[in-house]
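The primary structure of each chain is shown beneath.
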Amino acid sequence: MGEVMLDSPLLAVLGSGAKKLAKARDLVTVRDLLDYFPRRYIDAHAGSTFGEFELGEHVVLTARVETMTQRRMQTRKGSMANAVIVDDEGRRAAVTFFSAQPHYSVLRPGKRALFSGQLGLFNKQLQLSHPQYTLMDDADMSVYPGSLVPVYKQVEKITNLNLTLSISTVLDALGEIPDPLDEPLRARHGLVTTTRAYRGLHLPASMADVQAGRERLRFDEAFTTQIVLAQRRHEARSEPSTPRVAKPGGLLERFDASLPFELTEGQREVGEQIARDLAEPVAMHRLLQGEVGSGKTLVALRAMLAVVDSGAQAALLAPTEVLAAQHAASMRAMLGPLAERGRLGGADDGTRVTLLTGSMSASARAQALLDIVSGEAGIVIGTHALLQKHVEFADLGLVVVDEQHRFGVEQRAALSSKAHRPPHVLVMTATPIPRTVAMTAFGDLDVSTLRQLPRGRAPVVSHVVPTHVASWMNRVWERIAEECAAGRQVYVVAGRIGDGSEPVAPGLVDGPDAHGAGEGDAAARPIGVVDLIDEMRRLPALAGLRIDLMHGRLPVEEKDDVMRRFGAGEVDVLVATTVIEVGVDVPNASMIVIVDADRFGLSQLHQLRGRVGRGEHGGLCLLVTRNENPDTLERLRRVAETNDGFAIADLDLDLRREGDVLGAAQSGRRSSLDWLELTKASDLAVIEAARTEAAAIVEADPSLTEHPLLAQAAHARVDASQAEFLERS
């Protein structure tokens, strides 16, 4: 056998026994096996109990043999052995072997052994059928230093003991594993070597060894991820770009002078950060996150005007046609004559705001394309239609991506590629990002945060409405009617479209019926807006109100018409799916009812709530739920009690875990991270420390030429699934 390394095939180290590992768990290399970590640990001397396990679960525990018998089988040759084993609490289980030898002579009464098998129930007695076992006084127990037994997820046809023996063989063959972290760095953070980490996790003498191994691998995960992000930051900051500076007396200065209100302190600070970035000869890569209604669009518009002042164009990419049209309308309204150069009433020294979407008429599309390629349009707003090959810019200087999580890196790169030199890039999100996620998933971007709401904006008041309280549900519909009677407008949101054929759940529109509401109803199919609007139109409380429908399957022209009429006050109540979640800005809308609120993520509820309270009347949000589970109601109450989107984002992360936040749930994984839990404050400290170390190393050695082991470790760590969420930035 030649030199054994982490990437060596297991077959070369373990021989034919490696085939079972490859077949059962796809463990092919030495690294694969060493990264197959124990699920838990048991102290062979302290013992364990059957009460720790569920029926059908694979158990590993120590127990004493109480009796052992054998008898001949009636239907085939040979004898079977039957033992009764007792755990440390005195609970018994039958153990059956369909071949008596050698078990009958080995498992004698009084012997203590480590048993591994599936827990079942036969004739009302716990049972282990043909389990694997190791006698506590057996020489094989010597593989476990201190009798601390690592328990692995079951590998077919391989005992827990044999798995440990295989890992021990591999570790002995490896010897001292080359360590990507040098001794001074390890010393600064109190970390053991890679070799000690693996031995501590697989062959621990104590739980202190296990903890030291976990701490090392947790730091490794944070550190290698931050190395990749630091390299990306360095690469981005090395991209030559054209400085874009607003000119004195130009569009930005005139726009600021025309504003009927003062910018918030946060808007001024972020605006100055962006202005400094735009003035640099390298491309800006900045993430702008902000509270719902904190004025991100205004900040983006000011950046776009600075770029137009410099003689270039700015493009804003929006995920939906509704949002793109909304942005175009609001920017034209804010700019007034400054947005209508060359048109009647427009300022001759202004610019033009041009909208490009897939549903535009041929003539409107042709005019928009001409405005873009000629440079007549200084500000271009569009959907995926902007990414098409025949869309050409005169001089694209800034790319703004709204709701960045709706776009892949390829789409953003496609728009950036339309510039002659790398453009400056500003990505925006209205979903506040917890700090751990920001540093891990978006760590290659400079992050700006808007927390402050504009002066005079009243907070949205929220309440939880359980449908099983009939009087409360009746009051919801009455409250909608009162709001509309006062001249204001209302959203009613549900998570599904539906087809108009499903009855709305009892309790929502007519009070609880004989079946009651609660857990049974909560588990039922969520309500669809098509079904809901039909029921609402029949309610006496809503008689005479103009109620209309909005969802993603409507033709584009119909969606645009509905939003136009709602914005113009021609619709009193808009029943919609979450298509109105972001960007839709109707200041006269003062109330939102979210049906089946327990089925939404907390941050999504906060986003939906942000659709109201954007005008002078404040806002009211009612979170309607059929679920009576106390934990569910408490979760909704915590949303209702605060308007702080960052606090809600932290709570959402804590409840849903990082798998959903990072997008890993779709791939069936809990998360793209194995050792870090982004909900833990202690892990935030690890990430921050790793980020500082990684930045220093990459600053001195961007390509990691002097750190080849670290380069290999980073490459191994950032596999396709990890890269996927890194690329979101």
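Predicted, not measured: the structure shown is a model, and the values here were computed from it.

*Asks:* Help me out: how do you make sense of the sheet that holds strand S19 (residues 573-576) in this one?
*Replies:* Either a parallel or an antiparallel arrangement is found when strands of a sheet pair, and the pairing is made through backbone hydrogen bonds. Taking strand neighbours across the sheet as the criterion, the 6 strands line up as S16-S21-S20-S17-S19-S18 in an open arrangement whose pairing is parallel. On the outer flanks of this sheet lie strand S16 (460-466) and strand S18 (547-550), each paired with one strand and no other. Between one strand axis and the next, the sheet turns through 20° on average, direction left out of account. As paired strands, strand S17 (residues 489-493) and strand S20 (residues 589-594) are joined by 5 bridges and run parallel to one another. Paired with Gln489 across the two strands is Ala589, which belongs to S20. In the packing of helix H16 (residues 470-485) onto the sheet, the strands contacted are S16, S17, S19, S20 and strand S21 (619-625), and the crossing angle to S20 comes to about 160°. Strands in contact with helix H21 (residues 630-640) are S16 and S21; relative to S16, the strand with the most contacts, it is inclined by about 165°.

*Asks:* What exactly am I supposed to notice about the nonpolar core here?
*Replies:* A general tendency of soluble globular proteins is for nonpolar side chains to be buried together. Phe219, Phe223, Ile227, Phe393 and Leu415 are the most contacted members of the largest nonpolar core, which has 49 residues in total. Among the secondary structure elements, those contributing two or more residues to this core are helix H8 (207-237), strand S10 (313-317), helix H13 (362-374), strand S13 (396-401), strand S14 (424-429), helix H15 (435-441), helix H23 (681-700) and helix H24 (708-717). No other element matches the 7 residues that H23 contributes to this core. Not counting residues up to four positions away in its chain, the partners in contact with Ile227 are Ala694, Ile697, Val698, Leu704, Leu710 and Ala714. Counting 41 residues, the second-largest nonpolar core is a separate cluster that includes Leu301, Ala306, Val307 and Val353.

*Asks:* It is not clear to me how the packing of aromatic side chains should be interpreted in this structure. Could you clarify?
*Replies:* By convention here, two paired aromatic rings are described through the distance between centres and the angle between planes. Under the criterion given, the structure shown has 7 aromatic pairs. Taking the centre distance of 6.2 Å and the plane angle of 5° together, the rings of Phe37 and Tyr198 count as stacked. Of this pair, Phe37 sits in the loop between helix H3 (30-34) and strand S1 (40-43) while Tyr198 sits in helix H7 (residues 194-202), and the two are 161 residues apart along the sequence. Three or more aromatic residues link up through ring pairs in this structure, and these residues are Phe37, Tyr198 and Trp675. Between the NZ or CZ atom of Arg108 and the centre of the ring of Tyr104, over which it lies, the distance is 4.7 Å. A cation over a ring is seen here: Arg451 above Phe646, with NZ or CZ 3.9 Å from the ring centre.

*Asks:* Explanation requested: the pattern of salt bridges in the structure shown.
*Replies:* If charged atoms from side chains of opposite charge come close, those side chains can pair. On inspection of all chains with the given rule, the structure shows 28 salt bridges. The shortest N-O distance in the salt bridge between Asp179 and Arg186 comes to 3.5 Å. Across the pair, exposure class does not vary: Asp179 and Arg186 are buried alike. Ionic pairing is found between Arg216 and Asp179, a salt bridge with its closest N-O pair at 2.7 Å. Placement of Arg216 in helix H8 and of Asp179 in the loop between helix H5 (160-174) and helix H6 (183-189) is noted, with a sequence separation of 37 residues between them. Judged by relative accessible area, Arg216 falls into the buried class, the value being 1%. Note on Asp179: relative accessible area 18%, which makes it buried. Here the residues in one salt-bridge network are Asp548, Asp561, Arg564, Arg565 and Glu570, joined through shared partners.

*Asks:* Which parts of the structure should I look at to understand the pairing of S13?
*Replies:* Strand residues, when the strand is regular, have side chains that alternate between the two faces of the sheet. Among the 6 residues in S13, 6 count as buried, and that is most of the element. As judged from the 5 bridges shared by S10 and S13, these two strands associate in the parallel manner. Of the residues in S13, the one forming a bridge with Leu316 is Val400. Looking at chain direction, S13 and S14 are connected through 4 bridges and run parallel. For Leu398, the partnering residue across the bridge sits in S14 and is His424.

*Asks:* For this particular structure, what's the right way to read the sheet that holds strand S12 (residues 379-382)?
*Replies:* Overall, parallel pairing links the 7 strands, which are arranged S11-S12-S10-S13-S14-S9-S15 in an open sheet. Here the strands that pair on one side only, and so sit at the sheet edges, are strand S11 (353-356) and strand S15 (446-450). Ignoring which end each strand starts from, the neighbouring axes of this sheet average 20° apart. Contacting S10, S11 and S12, H13 runs over the sheet at an angle of about 130° to S11.

*Asks:* Honestly, the pairing of strand S9 (residues 285-290) in this entry has me stumped. Any pointers?
*Replies:* Summarising burial for S9: 6 of the 6 residues are buried, a large majority. Side chains His285, Leu287 and Gln289 of S9 all project onto a buried face; the interleaved residues Arg286, Leu288 and Gly290 project onto the opposite face, where all are buried too. Pairing between S9 and S14: 5 bridges, direction parallel. Each bridged residue has a counterpart across the sheet, and for Gln289 the counterpart in S14 is Thr429.

What counts as what
- Residues numbered from 1 in each chain as written.
- Predicted model: local features only at pLDDT ≥ 70, side-chain atom pairs only at ≥ 80, totals over all residues.
- Heavy atoms only, no water.
- Pairing = 2+ DSSP bridges.
- Helix = DSSP H or I, 4+ residues; strand = E, 2+ residues; numbered from the N terminus.
- Axes fitted to C-alpha atoms, helices over the stretch in contact; angles between N-to-C directions.
- Contact = heavy atoms within 4.5 Å.
- Core = buried A, V, L, I, M, F, W, Y, C linked by side-chain atoms within 4.5 Å.
- Buried < 20%, exposed > 50% of the residue type's maximum accessible area, 1.4 Å probe, protein only.
- Phe/Tyr/Trp six-rings, centres within 6.5 Å; stacked < 30°, edge-to-face > 60°.
- Lys NZ or Arg CZ within 6 Å of the ring centre and 35° of its normal.
- Salt bridge = Lys/Arg side-chain N within 4 Å of Asp/Glu carboxyl O.

So yeah, pure geometry; function would need other evidence.
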